[in-house]
Amino acid sequence: MRIAVYPGSFDPITNGHLDIIKRASKLYDRLIVGVLDNSSKSPMFTSLERKSMIDEQIKDLPNVSCDVFSGLLVDFAKQNGASVIVKGLRTVADFEYEFQMALLNKSLNSDYETMFMMTDSKYSYISSSMVKEVAKYDGELEGLVPQEVIIKIKDKIH
Ligand code: COA
């Protein structure tokens, strides 16, 4: 069974993340979305709120599940029996950092492969921070994040 994890902060999940999840779910028997519980990033949403927004979006994808994790990604992958880490690459600017993380993860545990998927060009400019920035100034969020997430962001801000 081919099991992969797709890790991130997902604060909040964007249409770019969702595009990677849908495409990766076709390549693996099981895909586990790993939400990093990282208090040092002072997130807008708690890890459980982030998980619940993801659960809503993946409910029609039977081989995809979501879990919160803390600690090392390779340990989370191991606990879930995964051998692949999926990451999305948006621009060349992502490459250097992602390359470094992939090598670090490989050095921590050589059993894991990192698979990079090119983000669809129509989402290549989206990031969770930019979404929060647009929301802060009441900008249009349509097309950047799913409808349910727009509601949650507005609830949080107002
Ligand atoms: N579409 C839209 N946005 C995307 C995207 C996509 N396909 N892929 C990435 N992004 C955005 C993310 O939302 C994030 O935006 P933000 O900086 O505004 O929050 C940004 O690009 C960076 O994404 P990523 O590199 O995946 O960082 P992350 O903070 O979401 O996740 C972890 C980082 C969780 C993968 C990493 O910190 C980790 O593995 N931590 C566990 C500890 C560990 O094992 N450390 C050792 C290895 S580094």
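What comes next is a walk through the structure.

### Focus on the pattern of salt bridges
Step number 1: Evaluated as defined, the whole model comprises 11 salt bridges.
Step number 2: For K132, the salt bridge identified is with D11, shortest N-O distance 2.8 Å. Taken as a pair, K132 in helix α5 (residues 128-136) and D11 in the loop between β1 (3-8) and α1 (15-25) lie far apart in primary sequence, 121 residues in all.
Step number 3: For D11, a relative accessible area of 4% corresponds to the buried category.
Step number 4: The partner of K87 in a salt bridge is E98, with the nearest N and O atoms 3.4 Å apart. Of the two residues, K87 is situated in strand β4 (residues 84-89) and E98 in helix α4 (residues 92-108); the sequence distance between them amounts to 11 residues. One exposure class covers both K87 and E98, and it is buried.
Step number 5: Among the charged side chains, a network of salt bridges with common partners joins D11, R50 and K132.

### What to know about the sheet that holds strand β2 (residues 30-36)
Sheets are built from strands that pair by backbone hydrogen bonding, the pairs being arranged parallel or antiparallel.
Step number 1: Pairing within the open sheet is parallel, and its five strands lie in the order β3-β2-β1-β4-β5. At either end of the open sheet lies a strand with only one pairing partner, and these are β3 (64-69) and β5 (113-118). Strand-to-strand twist in this sheet, taken as the mean axis angle between neighbours without regard to direction, amounts to 30°.
Step number 2: Here α1 sits on the sheet in contact with β1, β2, β3, β4 and β5, set at roughly 120° to β5.
Step number 3: Strands β2 and β3 of the sheet are contacted by helix α2 (residues 47-58), whose axis makes an angle of about 175° with β3.

What counts and what doesn't
Residues numbered from 1 in each chain as written. Predicted model: local features only at pLDDT ≥ 70, side-chain atom pairs only at ≥ 80, totals over all residues. Heavy atoms only, no water. Salt bridge = Lys/Arg side-chain N within 4 Å of Asp/Glu carboxyl O. Helix = DSSP H or I, 4+ residues; strand = E, 2+ residues; numbered from the N terminus. Buried < 20%, exposed > 50% of the residue type's maximum accessible area, 1.4 Å probe, protein only. Pairing = 2+ DSSP bridges. Axes fitted to C-alpha atoms, helices over the stretch in contact; angles between N-to-C directions. Contact = heavy atoms within 4.5 Å.

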